[in-house]
Amino acid sequence: LDAKLTLGQWLDEWLLLRSMRVRPTTIASYDEAVRLHIKPLLGGVPLAKVGTDHFAMLRVRLRASRPTPSPTTV
């Protein structure tokens, strides 16, 4: 694992790989979630340092956003 690889960079690769296995509408939904919610908060974090605290913070931010997302969306 490249120590410089960020979560955002990894997510770009993940989206590309997933796009070969899921419907275009599904990948569009994943891409939107990554672009609008995950990358702005955690995209620059080195992948090797991402931990449960990062995802807990993301969950709190998503729940606090308006309009209130459903638990499934969070």
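Keep in mind it's a predicted model, so treat the numbers as computed, not measured.

Caption draft 1: Broad picture of the nonpolar core. Counting residues in each nonpolar core, the largest one holds 12 residues, listed as Leu5, Leu7, Leu11, Leu15, Ile27, Val34, Ile38, Leu42, Val45, Leu47, Leu58 and Leu62. Breaking this core down by element, the ones donating at least two residues are helix H1 (7-18), helix H2 (24-42) and helix H3 (52-64). With four residues, the top contributor of residues to this core is H2.

Caption draft 2: Structural context of the confidence of the model for the protein. Residues at a pLDDT of 70 or more form 86% of the protein, whose mean pLDDT is 89. The lowest-confidence element of the protein is H3, averaging 88 in pLDDT; the highest-confidence one is H1, averaging 96.

Caption draft 3: A look at the packing of aromatic side chains. Under the defined criterion, the tally for this structure stands at one aromatic pair. With a centroid separation of 5.5 Å and 35° between ring planes, the pair formed by tryptophan 14 and tyrosine 30 is classed as tilted. Of the two residues, tryptophan 14 is situated in helix H1 and tyrosine 30 in helix H2; the sequence distance between them amounts to 16 residues. Given the relative accessible area of 30%, tyrosine 30 is considered partly exposed.

Caption draft 4: Focus on the pattern of salt bridges. With the rule as written, the count across this model stands at two salt bridges. Taking the shortest distance from any N to any O, the salt bridge between aspartate 12 and lysine 39 comes out at 2.5 Å. Here the residue aspartate 12 occupies a position in helix H1, and lysine 39 occupies one in helix H2, the gap between them amounting to 27 residues. Its relative accessible area of 27% is what places lysine 39 among the partly exposed residues. A salt bridge links aspartate 31 to arginine 35, with the shortest nitrogen-to-oxygen separation between them at 2.9 Å. With a gap of four residues between them, aspartate 31 and arginine 35 both fall in helix H2, about one helical turn apart.

Caption draft 5: Quick look at the environment of lysine 4. Among the structural elements, lysine 4 can be located in the segment before H1. What makes lysine 4 exposed here is its relative accessible area of 70%.

Caption draft 6: Highlighting the packing of H1 against H2. Packing of H1 against H2 brings their axes to within 10 Å, and their N-to-C directions diverge by 175°. In this view, H1 runs roughly antiparallel relative to H2, as classed from their interaxial angle. Counted together, Leu7, Gly8, Leu11, Asp12, Trp14, Leu15 and Arg18 of H1 and Ile27, Tyr30, Asp31, Val34, Ile38, Lys39 and Leu42 of H2 form the full contact between these two elements. Class assignment of the residues belonging to the contact of H1 with H2 gives a composition of nine nonpolar, one polar and four charged.

Criteria and thresholds
Residues numbered from 1 in each chain as written. Predicted model: local features only at pLDDT ≥ 70, side-chain atom pairs only at ≥ 80, totals over all residues. Heavy atoms only, no water. Core = buried A, V, L, I, M, F, W, Y, C linked by side-chain atoms within 4.5 Å. Buried < 20%, exposed > 50% of the residue type's maximum accessible area, 1.4 Å probe, protein only. Helix = DSSP H or I, 4+ residues; strand = E, 2+ residues; numbered from the N terminus. pLDDT = per-residue confidence, 0-100. Phe/Tyr/Trp six-rings, centres within 6.5 Å; stacked < 30°, edge-to-face > 60°. Salt bridge = Lys/Arg side-chain N within 4 Å of Asp/Glu carboxyl O. Axes fitted to C-alpha atoms, helices over the stretch in contact; angles between N-to-C directions. Parallel < 35°, antiparallel > 145°, perpendicular 65-115°, else oblique. Contact = heavy atoms within 4.5 Å. Nonpolar A, V, L, I, M, F, W, Y, C, P; charged D, E, K, R; others polar.

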